[in-house]
Every structure is written in structure tokens, then in C-alpha cells.
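Here are the chains, one letter per residue:
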Amino acid sequence: QGYAVYDNFKFVQDLLDNAPELAEMPVLDFRVTDTGMRLRFSTDGSENFELRKPVPIIEAWNSEAGRRRTVLSAGMWMLICTNGMQSWDEKTSFAWRHFGDTSRISDGVASAITEIQTASSGVVDAYNSALDVSIDDAFAFMERELKREGLTKDQIGRAQNALDHKWTTPGGVLASTVDATTLIAQEFGMFEQSTIERAAARMLRRGQAEALRSGGRIRVSA
């Protein structure tokens, strides 16, 4: 009974009213279902879009049915044919539960957007650095890390197979594992996709920390 209705239209209007710079940002993706809405903005202008070049984004979520909280997150997106690939740094997510006076969401949007714009550039930098991190056995690394994230055996197998996909960065480097995982995430529904993409982001961060400890390479036993 404490649930407070906060509809999608109100959320988008609050974004525009409290962070007017969003009106100038390209919309990369918009999805709405009976249980959720996801909206992705690029913080870069569309003139900066290039094939395989990651760009920083802001992602907005809402659920009128209480499936999840209202969320703003930092991330990255990459143009690969008609597909986008995205990952998060969860430390830069802002979330509001649907209860009480929803004006607190409106009030929090402006400051959140400012921080997220800065953080989303950091996500892109992290991915770019992962292009130089080699892995002894990318299959084994993904098995270990994605199992740790609670992905299903089927999801892990699909991600491992996607290492050889033409849109995945070649060479079995850390960025390759992120590409493969976020690529197969698009095969699932919106909420499952979000879970898989977050798993890829956490795998990226742990992989970078491991490489830093071992001289720039991830050493995984087959």
C-alpha cells in the first residue's frame, strides 16, 4: 500500500525539466513494455558515432508496475552494425524507490545527471584500457567470472561461443570477453539483458584489477 505511482511520461518530463541538456542528446534506444521502460541517451553528439568506437551514455529506467526502481546509470554504447553494446559502473547509478512523494525523484535528477556524465566517460576509458589486457584462457576466464555472477549455463555457453563472432574484438583480450557477453545479452528480454550487461561490467572491473596485480596479463589455468 506504500507504493507510489510514477509514470514513464512524468519521468521523461522530469528529466527534461531538470536536466535540459538531455534534449540535445541523441536517443540511442527506447523500449517500453507493460512492466518497464528503458531509455538510452548518448552524451556525445551523433557526429562522433563511428563503427566500433565506444561512446558514453546515460541510461534511464522506470517501471510503472513496480518491477524495478526508477534508475539513472552511466555506461557505454558501441555501434556495431545496427547493434548497441552497453555496460555499467554500478557505483554511478542513482535509484529511487516508488514510495512517498515522488518529487524527490524530480529534485534528484539534475545533480545525478551531472555526476553520471562524468562517470560514463570513465566507463569508456575502462573499456578502452581492456583492449590491451591479454588473457591466458578467455574461455576459462569467462566460465569463472560469469558463473560467479550467477549467469546460467546456457548464457555462459552463448557468451563463450560469441568470442569468435565477427563483431567481437579479436585476440581473446579482456575487451573481447566484454564484447561477447554484452552481444549475447541482446538475445534476451530487457530485464535479463540488464543483468547480463551488469555481469559483463563487473567482469571487466575484476579483470582489470587482476591484470594490474599480475603485470598486465590475466593468468587463468585451462
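These lines cover the structure that appears in this document, whether it is placed above or below. In every chain, residue numbers begin from 1 and rise along the written sequence. Given that this is a predicted model, residues contribute local features only at a pLDDT of at least 70 and side-chain atom pairs are listed and counted only at 80 or more, while totals for whole chains, interfaces and linings are drawn from all residues. Think of the side-chain values as coming from all heavy atoms in the structure, minus any hydrogens and water.

### Some remarks on the pairing of strand β4 (residues 70–78)
Put simply, the rule is: Burial classes follow relative accessibility: with a 1.4 Å probe on protein chains only, a residue under 20% of its type's maximum area counts as buried, one over 50% as exposed, and anything between as partly exposed. In this text, helices come from DSSP runs of H or I with a minimum length of four residues, and strands from runs of E with a minimum of two, each type numbered from the N-terminal end. The pairing criterion is simple: DSSP has to find at least two bridges between the two strands.
For β4, a buried count of nine out of nine residues is recorded, marking the element as mostly surrounded by other parts of the structure. Along β4, one buried face is formed by Thr70, Leu72, Ala74, Met76 and Met78 and the opposite face, lined by Val71, Ser73, Gly75 and Trp77, is buried too. Of the strand pairs in this sheet, strand β3 (residues 54–62) and β4 are connected by eight bridges, and their pairing is antiparallel. Paired with Pro56 across the strands is Met76, a residue of β4. As paired strands, β4 and strand β6 (residues 94–96) are joined by three bridges and run antiparallel to one another. Counted as the bridge partner of Val71 is Ala95 from β6.

### Things to note about the side chain of Asn8
What counts, and what does not: Contacts: residue pairs with any heavy atoms within 4.5 Å of one another.
Along the chain, Asn8 falls in helix α1 (residues 8–18). Contacts of Asn8, omitting those with residues within four sequence positions, involve Val32, Met37, Asn62 and Glu64.

### Focus on a nonpolar patch on the surface
Applicable threshold: Only residues above 30% relative accessible area that lack a salt bridge enter a patch, with like-charged residues linked at up to 9 Å and the nonpolar side chains Val, Leu, Ile, Met, Phe, Trp and Tyr linked at up to 5 Å. Only the protein chains shown count as cover for residues, and all accessible areas are computed by the Shrake-Rupley method using a 1.4 Å probe. When a carboxyl oxygen of Asp or Glu is within 4 Å of a side-chain nitrogen of Lys or Arg, the pair counts as a salt bridge.
Residues Val27, Phe30 and Val32 make up a contiguous nonpolar surface patch of roughly 280 Å² in combined accessible area. Mapping Phe30 onto the fold places it in strand β1 (residues 27–32). Judged by its relative accessible area of 46%, Phe30 falls in the partly exposed class.

### Regarding the pattern of salt bridges
Proximity of charged atoms lets side chains of opposite charge pair with each other. Throughout the structure, instances matching the rule amount to 14 salt bridges. Of the charged contacts in the structure, one is a salt bridge between Glu145 and Arg144, with a shortest N-O distance of 2.9 Å. Note that Glu145 and Arg206 form a salt bridge whose closest N and O atoms lie 2.6 Å from each other. One end of the pair, Glu145, is in helix α3 (residues 138–148); the other, Arg206, is in helix α6 (residues 190–213), and 61 residues separate them in sequence.

### Here we look at α3
Counted only if it meets this: Nitrogen and oxygen atoms within 3.5 Å of one another constitute a polar contact, given that in protein one can donate a hydrogen and the other can accept it, and given that sequence-neighbouring residues count only through two side-chain atoms.
What α3 keeps buried is the set Ala138, Ala140, Phe141, Met142, Glu145 and Leu146. Tucked inside the fold, the buried residues of α3 contact β7 (134–135), α4 (153–161), α5 (174–185), α6 and β8 (217–218). At the N-terminal end of α3, a side-chain oxygen is found 3.1 Å from the backbone nitrogen of Phe139, two or three residues along, and the residue is Asp137. Following α3 by one or two positions, Gly150 has its phi on the positive side, about 85°.

### Details of α6
Counted only if it meets this: Expected span of a helix: the number of residues minus one, times 1.5 Å.
In this model α6 runs 35 Å from its N-terminal to its C-terminal C-alpha over 24 residues, within 8% of the 34 Å that 1.5 Å per residue would give. Of the residues flanking the end of α6, it is Gly215, one or two places downstream, whose phi is positive at about 75°.

### Here's the deal with the packing of α1 against helix α2 (residues 103–130)
In plain terms, the rule: Angles here are taken between N-to-C directions and fall from 0 to 180 degrees, while the axes themselves are lines fitted to C-alpha atoms, restricted in helices to the stretch in contact. Put simply, angles under 35 degrees are roughly parallel, angles over 145 are roughly antiparallel, angles from 65 to 115 are roughly perpendicular, and the rest are oblique. Helix crossings fall into two classes, left-handed where the near helix is turned counterclockwise from the far one by less than a right angle and right-handed where it is turned clockwise. Nonpolar residues are Ala, Val, Leu, Ile, Met, Phe, Trp, Tyr, Cys and Pro. Charged residues are Asp, Glu, Lys and Arg, and all others, Gly as well, are polar.
At their nearest, the axes of α1 and α2 sit 9 Å apart, and the two run at 55° to each other. With respect to each other, α1 and α2 are oriented oblique. Every pair of crossing elements has a handedness; the one defined by α1 and α2 is right-handed. Here α1 contributes Lys10, Asp14, Leu15 and Asn18 to the contact with α2, which in turn contributes Ser106, Val109, Ala110 and Ile113. Of the residues contributing to the contact of α1 with α2, the split by class is four nonpolar, two polar and two charged.

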